[in-house]
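Chain and residue survey
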Amino acid sequence: MSGVGVFATAVIGIFAGWIADLVLGRRHSLFVKLLIGVIGSFIGVFIAQRLDLPFAGFWGGLLVSSVGAVLFLAVLGLVIRRPA
């Protein structure tokens, strides 16, 4: 996410983790949401660059990070099953 500062990146990470929590119906702490968003942003940026999708600024970073965070949590949910 070029052109976005450290503070904006942290905010994007928190929002992306929060959006992923909402989409998948999970409840995580603020710090975990930040981690989910940061990991999701790496995944999202990797996928967007491979598909040559343009993204820039706060809203582009938020979209890409949110999609990556949702994918990350979905795959993590498939790998790690909680006992019923």
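All values reported here derive from a predicted model rather than from experimental measurement.

Another aspect to go through is helix α3 (residues 57-79). With 23 residues, α3 extends 33 Å from end C-alpha to end C-alpha; this agrees with the ideal 33 Å at 1.5 Å per step. Here α3 has its buried residues at Gly 60, Gly 61, Leu 62, Val 64, Ser 65, Ser 66, Gly 68, Ala 69, Leu 73 and Gly 77. Buried-residue contacts for α3 involve α1 (6-24) and α2 (30-50).

Here the phi dihedral of Asp 52 falls at roughly 55°; this positive angle occurs in a residue that is not glycine. Tracing the chain through its elements places Asp 52 in the loop between α2 and α3. By relative accessible area, which is 66% here, Asp 52 ends up exposed.

Further remarks concern the confidence of the model for the chain. Across the chain, pLDDT averages 82, with 90% of residues at or above 70. Taken element by element, the predicted model of the chain shows its lowest mean pLDDT in α1 (82) and its highest in α3 (87).

Here the focus is the environment of Gly 77. Tracing the sequence through the fold places Gly 77 in helix α3. Each C-alpha atom of the pair Gly 77 and Leu 24 lies 9.6 Å from the other, and the pair is 53 residues apart in sequence.

Topologically, Leu 24 is positioned in helix α1. The spacing of Leu 24 and Leu 51 is 27 residues in sequence and 24 Å in space, taken between C-alpha atoms. Excluding residues that lie within four positions of it along the chain, Leu 24 makes contacts with Val 70, Leu 73 and Ala 74.

With that settled, the discussion passes to a nonpolar patch on the surface. On the surface, Phe 46, Ile 47, Leu 51, Leu 53, Leu 63, Val 67 and Leu 71 cluster together into a nonpolar patch covering about 660 Å² of accessible area. Counting only elements with at least two residues in the nonpolar patch, the list comes to α2 and α3. Considering every element that reaches the nonpolar patch, the biggest residue donor is α3, with three residues. Relative to the assigned elements, Leu 53 resides in the loop between α2 and α3. A relative accessible area of 49% means that Leu 53 is categorised as partly exposed.

Right, let's get into the side chain of Ser 65. Here Ser 65 is to be found in helix α3. At 2.8 Å, the side chain of Ser 65 forms a polar contact with the backbone oxygen of Gly 61.

What counts as what
Residues numbered from 1 in each chain as written. Predicted model: local features only at pLDDT ≥ 70, side-chain atom pairs only at ≥ 80, totals over all residues. Heavy atoms only, no water. Helix = DSSP H or I, 4+ residues; strand = E, 2+ residues; numbered from the N terminus. Expected span 1.5 Å × (residues − 1). Buried < 20%, exposed > 50% of the residue type's maximum accessible area, 1.4 Å probe, protein only. Contact = heavy atoms within 4.5 Å. pLDDT = per-residue confidence, 0-100. Patch = residues over 30% accessible without salt bridge, like charges linked within 9 Å, V, L, I, M, F, W, Y side chains within 5 Å. Areas by Shrake-Rupley, 256 points an atom, 1.4 Å probe, with all protein chains shown as cover. Salt bridge = Lys/Arg side-chain N within 4 Å of Asp/Glu carboxyl O. Polar contact = N/O pair within 3.5 Å; in protein donor to acceptor, adjacent residues only side chain to side chain.

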